[in-house]
There are 2 protein chains.
Amino acid sequence: MTTPRRSDQTKTAILRAARERFAAHGYERTTIRAVAADAEIDPSMVMRYFGSKEQLFDAALAVDLRLPDLGAVPARQLPATLVRHFVERWEGDPADDALLVLLRSAVTNEQAAARMREVFATQVAPALAAAIGPERAARTAGLVAAQLLGLALTRYLLALPPVAALPPEDLVNGLAPALAATLAG
Amino acid sequence: MTTPRRSDQTKTAILRAARERFAAHGYERTTIRAVAADAEIDPSMVMRYFGSKEQLFDAALAVDLRLPDLGAVPARQLPATLVRHFVERWEGDPADDALLVLLRSAVTNEQAAARMREVFATQVAPALAAAIGPERAARTAGLVAAQLLGLALTRYLLALPPVAALPPEDLVNGLAPALAATLAG
DNA sequence: CTCTCATGTCAACAGCTGTTGGCCAACAAT
DNA sequence: ATTGTTGGCCAACAGCTGTTGACATGAGAG
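Residues numbered from 1 in each chain as written. Chains lettered and ligands numbered in written order. Predicted model: local features only at pLDDT ≥ 70, side-chain atom pairs only at ≥ 80, totals over all residues. Heavy atoms only, no water.

**Re the protein's contact with DNA strand D**
- Around DNA strand D there are 19 residues in total, and Thr31(A), Arg33(A), Lys53(A), Asp42(B) and Arg48(B) lie nearest to it.
- A breakdown of the atoms of DNA strand D within 4 Å of the protein gives sugar and phosphate a share of 53%.
- A distance of 2.7 Å separates a base nitrogen of DNA strand D from a polar atom in the side chain of Arg33(A).
- Here a phosphate oxygen of DNA strand D and a backbone polar atom of Lys53(A) are 2.9 Å apart.
- Mapped by element, the contributors of at least two residues to the surface near DNA strand D are α2 (32–39) and α3 (43–50) of chain A together with α1 (7–29) and α3 (43–50) of chain B.
- A per-class count over the surface near DNA strand D returns 5 nonpolar, 7 polar and 7 charged. (Near = heavy atom within 4 Å. Polar contact = N/O pair within 3.5 Å; in protein donor to acceptor, adjacent residues only side chain to side chain. Helix = DSSP H or I, 4+ residues; strand = E, 2+ residues; numbered from the N terminus. Nonpolar A, V, L, I, M, F, W, Y, C, P; charged D, E, K, R; others polar.)

**Describing the interface of chain A and chain B**
- Between chain A and chain B, the residue contacts involve 41 residues of the former and 41 residues of the latter.
- At the boundary of chain A with chain B, total buried surface from both sides reaches about 3,400 Å², with 74% on carbon and sulfur atoms.
- Among the residues chain A hides against chain B, the three largest losses belong to Val107(A), Arg139(A) and Leu158(A). Together they make up 18% of the total.
- Linking chain A with chain B are 4 salt bridges.
- Of the charged contacts in the structure, one is a salt bridge between Arg29(B) and Glu28(A), with a shortest N-O distance of 2.4 Å.
- Our enumeration of links across chain A and chain B arrives at 6 residue pairs in polar contact (both at pLDDT 80 or more).
- At the level of elements, α1 (7–29), α6 (98–106), α7 (110–132), α8 (134–157), α9 (161–165) and α10 (168–184) of chain A are the ones that each hand at least two residues to the side of chain A that touches chain B.
- If one sorts the elements of the side of chain A that touches chain B by residue count, α8(A) sits on top with 13 residues.
- Grouping the constituent residues of the side of chain A that touches chain B by class yields 25 nonpolar, 10 polar and 6 charged. (Contact = heavy atoms within 4.5 Å. Buried area = accessible area lost by both parts, 1.4 Å probe. Salt bridge = Lys/Arg side-chain N within 4 Å of Asp/Glu carboxyl O.)

**Considerations on empty space enclosed by the protein**
- Evaluation of the coordinates by the stated rule reveals 4 cavities of 30 Å³ or more.
- If you add up the space inside the largest cavity, you get close to 230 Å³.
- If you go around the largest cavity, you meet 20 residues; those closest to its centre are Leu65(B), Phe86(B), Val124(B), Ala145(B) and Leu149(B).
- Where the lining of the largest cavity is concerned, the elements lending two or more residues are α5 (78–91), α6 (98–106), α7 (110–132) and α8 (134–157) of chain B.
- It is α7(B) that contributes the most residues to the lining of the largest cavity, 6 residues altogether.
- By volume, the second largest cavity amounts to about 190 Å³.
- Among the secondary structure elements, those contributing two or more residues to the lining of the second largest cavity are α5 (78–91), α6, α7 and α8 of chain A. (1 Å grid on protein atoms, 1.4 Å probe; cavity = no way out; pocket = protein on both sides within 12 Å on 5 of 7 lines; lining within 4 Å. Points joined across faces, edges and corners; volume = space filled by probe spheres on them.)

**Points about the relation of the copies chain A and chain B**
- With an RMSD of 0.0 Å, the operation that places chain A on chain B is a rotation of 180° combined with a shift of 0.0 Å along the axis. Read as a symmetry element, the transformation amounts to a two-fold axis.
- Of the residues that chain A buries at the interface, 100% are likewise interface residues in chain B, meaning the two copies contact each other through the same surface. (Least-squares fit on C-alpha atoms with pLDDT ≥ 70 in both.)

**Topic: the pattern of salt bridges**
- Counted according to the given criterion, the structure contains 14 salt bridges over all chains.
- Among the ionic pairs, Glu169(A) bridges to Arg84(A), the shortest N-O distance being 2.8 Å. Here the residue Glu169(A) occupies a position in helix α10, and Arg84(A) occupies one in helix α5, the gap between them amounting to 85 residues.
- When its relative accessible area of 33% is taken as the criterion, Arg84(A) is described as partly exposed.
- Arg139(A) serves as the salt-bridge partner of Asp170(B), at 3.8 Å between the closest nitrogen and oxygen. Here Arg139(A) lies in helix α8 and Asp170(B) lies in helix α10 (residues 168–184), a pairing that spans two chains.
- Overall, the relative accessible area of 28% leaves Asp170(B) in the partly exposed class. (Buried < 20%, exposed > 50% of the residue type's maximum accessible area, 1.4 Å probe, protein only.)

**Section: α8(A)**
Residues and elements named next belong to chain A.
- The first and last C-alpha atoms of α8 sit 32 Å apart over 24 residues, in line with the 34 Å expected at 1.5 Å per residue.
- The largest bend along α8 reaches roughly 35° and is located at Thr140.
- Counting buried positions over the 24 residues of α8 gives 18, a clear majority of the element.
- Within two residues after α8, Ala159 carries a phi angle of roughly 55°, on the positive side. (Expected span 1.5 Å × (residues − 1). Bend = angle between axes of the 7 residues up to and from the residue.)

**Remarks on the protein's contact with DNA strand C**
- Taken together, 19 residues lie near DNA strand C, and Asp42(A), Arg48(A), Thr31(B), Arg33(B) and Lys53(B) sit nearest.
- Close to the protein, within 4 Å, the atoms of DNA strand C are drawn from sugar and phosphate at a rate of 50%.
- In this structure, Lys53(B) approaches DNA strand C through a main-chain N or O atom, which is 2.8 Å from a phosphate oxygen.
- Counting residues per element, the ones that place at least two in the surface near DNA strand C are α1 and α3 of chain A together with α2 (32–39) and α3 of chain B.
- The element contributing the most residues to the surface near DNA strand C is α3(A), with 4 residues.
- Among the residues making up the surface near DNA strand C, the classes are represented as 5 nonpolar, 7 polar and 7 charged.

**Observations regarding the domain arrangement of chain A**
Residue and element names in this part refer to chain A.
- On domain assignment, one finds that chain A holds domain 1 (7–60) and domain 2 (70–184).
- Once you take the C-alpha centre of each, domain 1 and domain 2 turn out to be 27 Å apart.
- Contacts between the two partners involve 13 residues from domain 1 and, on the opposite side, 11 residues from domain 2.
- Both faces combined, the contact of domain 1 with domain 2 buries some 1,000 Å², and carbon together with sulfur accounts for 50% of it.
- Linking domain 1 with domain 2 are 1 salt bridge.
- Of the charged contacts in the structure, one is a salt bridge between Arg115 and Asp58, with a shortest N-O distance of 3.0 Å.
- Listing elements by their share of the side of domain 1 that touches domain 2, those giving two or more residues are α1 and α4 (53–60).
- Here the side of domain 1 that touches domain 2 takes 9 residues from α1, the largest share from any one element.
- In terms of residue class, the side of domain 1 that touches domain 2 is made up of 6 nonpolar, 2 polar and 5 charged. (Domains from an automatic or database assignment.)

Shown next, in the form of structure tokens:
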């Protein structure tokens, strides 16, 4: 029986607007005034509900990769499964900008970088450990993350033409062999 | 016989300080006042010599990857050669921050992103075309760039522990097979 | 109706930003 | 010695930033 406060609506509107701005322009270029305007409320409400710009940012950084149980995936399909999952995650729900927020901000903001490392340590590394065993997991997961983040970087943030233009399925076919080589060790 | 103006010294001091700041903190967090303080001159001098913060930034973005003639490299050694070249390029001369400036800023600054695409189109893609032929060059170069930039991202910007801790030679051994798979197509 | 508290607005603050123009000192050429 | 030019500093501007506190308004409980 959670008491439904009317303000929850406003609060989520702010968070939604904040995610959009942070995802599109990064931490420093995003102003509280702009977020408030998007949410159609006064800037001071942002402070009341989130305390400060930093805390608002922190709330916008919540990310769940929703990785499936990789231990249940046949080794041969592992590379393609990984690429496909992340491509879908990036391109799936346009309203779910959390991943973009994290990556874009982590490059210039230490707070976001720390969160990135945390997501890696608590979500990526363990998931991969279930598939290839704990010994090689850390190192291999690092290299896998490098390749997947490299894809996201060049496709969604830099928009390198050859990478940005590729249809999703070509991405899977193009990167899966490379991932396979890394996973094989 | 270029007349050696005394101000050239100051100008390069400014550019050097600007590169350091841009590389460490990105475009928006870098202030002209801080750059001027590092160069031990007045902020207004920065304006006089470079016109504006944007133009100073533009000057700091000049990058030469110094890629060797990849057509002369045996196909088998191509992957390792590429990884080694870039790792050395990143870690070689600490005073040469241009690469870091470019990558760090390109994520939140469209001007830098455009420069990144330009560097890719004029330096990376042609160099690779010399090694694997022009037909597959663009697409393959894109995927190669994704992997190499992914490495730089996770190692130098995000500092993901497993990637940042790897000795350079392990990076080469770890990523070369993946690159080989991509190059093989 | 009245009291109360949650929800929201308004105006202002202090600080930092890029940028500008006026002024000063040193030096080279006449 | 006088002039013009170059290299440099200082003080100030207008704009935007995060943040704050005082004040209005609405609804719901007694």
